[in-house]
Amino acid sequence: MCIRDRVSGWLNVIDYWISSLSISHYLGVALAMVIVVLITSLSFKSLYAGVLSVIPVVVAVFLNYAIMGFAGIWLKVSTSITVAIAIGVAVDFSVHTIDRILVLTREKGHRLNHALVILYPNTGRALLLNLQALALGFGTNMVSSVPPWANFGLLVMTMVSVSFIASLTLLPVLIKVLKPRFLITPESVKMAANKLDKAA
């Protein structure tokens with residue numbers, strides 16, 4: 001007679017979740033990034049714009065993992081969902097920034113340098129109010145006595161804040177240095193030329 005043992009019950013379920021969590025988590029994050037790039041590319045009608053819009057989010061995601069490492073927050077079911085949620089929320093800042101730059105350069109005919117100067121007083125203020133609402137909303141979880149909820153609030157609030165800062169610092173710098181073609185249209189060139197003629 002042969003006796004065999006087999007792990008069963010809730011312990012087996014937890015072991016199965018944890019063993020497959022890391023691979024599925026990173027695949028999910030990569031897939032979410034690709035989807036964000038595709039959607040923003042279709043929205044702006046430019047793959048270049050789609051890639052630029054996801055850069056602040058990538059910075060925020062990597063910093064999120066760094067904070068988890070330094071703070072000793074393990075990757076588990078409760079913390080793995082923070083990145084997916086934060087990606088969807090944090091990308092709003094870069095999309096809003098690029099969209100406003102496109103309006104200022106394409107539709108209103110401003111030169112890039114002037115468009116960036118105009119960007120901060122109005123769009124920057126709107127993004128700051130958006131950040132305050134999101135950061136305070138998610139940050140309230142940090143006062144929770146339940147560690148997973150407290151970690152969730154900390155990580156999401158950090159990612160949103162980093163994406164906001166990167167969208168108003170790193171993103172304009174990249175646009176200014178790279179000078180992507182999707183910012184320039186024949187109509188915007190004519191409008192800029194007309195403005196120069198009127199100023200002369």
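Scroll up to find the structure.
Everything numeric in this text was worked out from a predicted model, so none of it was measured.

A closer look at unusual backbone geometry
Okay, so step 1: Although it is not a glycine, K45 sits at a positive phi angle of roughly 60 degrees.
Okay, so step 2: Here K45 lies in the loop between α1 (10-44) and α2 (47-71).
Okay, so step 3: Phi at K179 takes a positive value of approximately 50 degrees, unusual for a residue other than glycine.
Okay, so step 4: The exposure class assigned to K179 is exposed, which follows from its relative accessible area of 54%.

As for α2
Okay, so step 1: Across its 25 residues, α2 extends 36 Å between first and last C-alpha, which sits within 8% of the 36 Å expected from 1.5 Å per residue.
Okay, so step 2: At I55, α2 shows its strongest bend, of approximately 30 degrees, with the proline P56 following within four residues.
Okay, so step 3: Those residues of α2 that sit buried are A49, G50, L52, S53, V54, P56, V57, A60, V61, N64 and M68.
Okay, so step 4: Capping the start of α2, S46 holds a side-chain oxygen 3.3 Å from the backbone nitrogen of Y48, two or three residues further along.

A closer look at the packing of aromatic side chains
Okay, so step 1: As enumerated under the stated definition, the model contains five aromatic pairs in all.
Okay, so step 2: Their ring planes at 65 degrees and their centres at 6.1 Å tell us that Y48 and F182 sit as a pair that is edge-to-face. With Y48 in helix α2 and F182 in the loop between α6 (170-178) and α7 (186-199), the pair connects residues that are 134 residues apart, well separated along the chain.
Okay, so step 3: F182 sits in the buried class, given a relative accessible area of 7%.
Okay, so step 4: With a centroid separation of 6.0 Å and 65 degrees between ring planes, the pair formed by F138 and F152 is classed as edge-to-face. Placement of F138 in helix α4 (residues 112-139) and of F152 in helix α5 (residues 147-168) is noted, with a sequence separation of 14 residues between them.
Okay, so step 5: With a relative accessible area of 8%, F152 lands in the buried category.
Okay, so step 6: Here the aromatic cluster, defined as three or more aromatic residues joined through ring pairs, consists of F138, W149 and F152.

Topic: the environment of I67
Okay, so step 1: Along the chain, I67 falls in helix α2.
Okay, so step 2: For the pair I67 and T158, spaced 91 residues apart in sequence, the C-alpha to C-alpha distance is 9.0 Å.
Okay, so step 3: Look past the residues within four positions of I67 in its chain and what remains in contact with it is L155 and T158.

Parameters at a glance
Along each chain, residue indices are assigned from 1 in the same order as the chain's sequence is written. With the structure being a predicted model, the display of local features is reserved for residues of pLDDT at least 70 and the display and counting of side-chain atom pairs for 80 or more, all residues being used for whole-chain, interface and lining totals. Note that the side-chain values use all heavy atoms of the structure and ignore hydrogens as well as water. Numbering goes from the N terminus for both helices and strands, where a helix is a DSSP run of H or I of at least four residues and a strand is a run of E of at least two. Buried residues are those whose accessible area, probed at 1.4 Å on protein chains only, stays under 20% of the maximum for their type, while exposed residues exceed 50% and partly exposed ones sit between those limits. Expected span of a helix, by definition, is 1.5 Å for each gap between consecutive residues, and there is one gap fewer than residues. One fitted axis covers the seven residues ending at a residue, a second covers the seven starting there, and the bend at that residue is the angle between these axes. In protein, a polar contact means a hydrogen-donor-capable atom and an acceptor-capable atom, both N or O and within 3.5 Å, with residues adjacent in sequence counting only if both atoms are side-chain atoms; elsewhere, any N or O pair within 3.5 Å suffices. The aromatic pairing rule takes the rings of Phe, Tyr and Trp, using the six-membered ring of Trp, and pairs them if the centres are within 6.5 Å, calling planes under 30 degrees apart stacked, those over 60 edge-to-face and the rest tilted. We call two residues contacting when some pair of their heavy atoms lies within 4.5 Å.

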